[in-house]
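Next come the chains, spelled out residue by residue.
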Amino acid sequence: MSQGGKLMPNLDQNSTKLLNLTVLQRIDPYIEEILITAAHVTFYEFNIDLNQWSRKDVEGSLFVVKSPPLPPLLDPLMSFDGMGGSTPPNTQPRFQFIVMNRRNTDNLVENLLGDFEFELQAPYLLYRNAAQEVNGIWFYNPRECEEVANLFNRFWTLWKSS
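Residues numbered from 1 in each chain as written. Predicted model: local features only at pLDDT ≥ 70, side-chain atom pairs only at ≥ 80, totals over all residues. Heavy atoms only, no water.

- Labelled according to an unreviewed UniProt entry, the protein appears under the name Decapping 1, originating from Actinidia rufa.
- Among the UniProt annotations of the protein, the heading Subcellular location (unreviewed entry) holds the following wording: "Cytoplasm". (UniProt positions renumbered as here; feature names shortened; annotations may be inferred.)

Set out below in structure tokens:
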């Protein structure tokens, strides 16, 4: 199929999702599923000392993904006591968002459980990550912003109840 002189593949929604999953699995081979996608986002960081926002060098498609718990030897939350004992393995699936960065080769990956707080101010989703960085995600499509925030709320509710 041609569009503006360019050859465009004719992919249905499932084929596109499978293609995106294959690309994301190059970043993390444990990713099992794409839960939601936002076509275009731009990131901002908040400088607490200067009390101002600045644009980060991160922009592209955002994917919220699900992965199984990490194997015990790869799980940073798993600790060994040196005497053959350890903390119980994590049985919770992992949820992350990944931005396939169009501005450079550094893709953004954030874990959504644990030390992750967020607030919806459509078309922005503001969050604080485990490193205590305050960031804002601007969504080109405000509806996608609300859908992603609703999904984050569901994760948060499930995680807090477990």
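Structure's up, so let's keep going.
### What to know about the sheet that holds strand β4 (residues 52–67)
Reasoning step 1: In spatial order, the strands read β6-β5-β4-β3-β9-β8-β7; together these 7 strands make up an open sheet with antiparallel pairing. In this open sheet, the two strands that pair with only one neighbour each are β6 (108–111) and β7 (117–121). Between one strand axis and the next, the sheet turns by 30° as a mean value, whatever way the strands run. (Pairing = 2+ DSSP bridges. Helix = DSSP H or I, 4+ residues; strand = E, 2+ residues; numbered from the N terminus. Axes fitted to C-alpha atoms, helices over the stretch in contact; angles between N-to-C directions.)

### A few points about the packing of aromatic side chains
Reasoning step 1: For the coordinates displayed, the defined rule picks out 13 aromatic pairs.
Reasoning step 2: Seen in terms of ring centroids, Tyr44 and Tyr124 are 6.4 Å apart; in terms of plane orientation they differ by 70°. Their pairing is edge-to-face. In this pair, Tyr44 is assigned in strand β3 (residues 33–47) and Tyr124 in strand β8 (residues 124–128), connecting sequence segments 80 residues apart.
Reasoning step 3: Feature note: the residues Phe43, Phe97, Phe116, Phe118, Tyr127 and Phe152 constitute an aromatic cluster, connected by ring pairs. (Phe/Tyr/Trp six-rings, centres within 6.5 Å; stacked < 30°, edge-to-face > 60°.)

### With respect to the confidence of the model for the protein
Reasoning step 1: Scored by pLDDT, the protein comes out at a mean of 85, with 80% of its residues at no less than 70.
Reasoning step 2: Of all secondary-structure elements in the protein, the lowest mean pLDDT belongs to strand β1 (residues 2–3), at 50, while strand β9 (residues 134–139) reaches the highest, 98.
Reasoning step 3: For residues 78–83, every residue scores under 50 in pLDDT, and the model assigns this stretch 13 contacts once sequence neighbours within four places are set aside. (pLDDT = per-residue confidence, 0-100. Contact = heavy atoms within 4.5 Å.)

### Looking at the side chain of Asn101
Reasoning step 1: Locating Asn101 in the fold gives a position in strand β5 (residues 94–101).
Reasoning step 2: Its relative accessible area of 9% is what places Asn101 among the buried residues.
Reasoning step 3: Among residues more than four places away in sequence, those in contact with Asn101 are Asp57, Val58, Glu59, Asp106 and Asn107. (Buried < 20%, exposed > 50% of the residue type's maximum accessible area, 1.4 Å probe, protein only.)

### Here's the deal with the pattern of salt bridges
Reasoning step 1: Per the stated rule, a full pass over the model turns up 5 salt bridges.
Reasoning step 2: Ionic pairing is found between Arg94 and Asp28, a salt bridge with its closest N-O pair at 3.3 Å. Here Asp28 lies in the loop between α1 (13–27) and β3 and Arg94 lies in strand β5, a separation of 66 residues in the sequence.
Reasoning step 3: Judged by its relative accessible area of 11%, Asp28 is buried.
Reasoning step 4: Between Glu59 and Arg103 there is a salt bridge whose closest N-O contact spans 3.7 Å. (Salt bridge = Lys/Arg side-chain N within 4 Å of Asp/Glu carboxyl O.)

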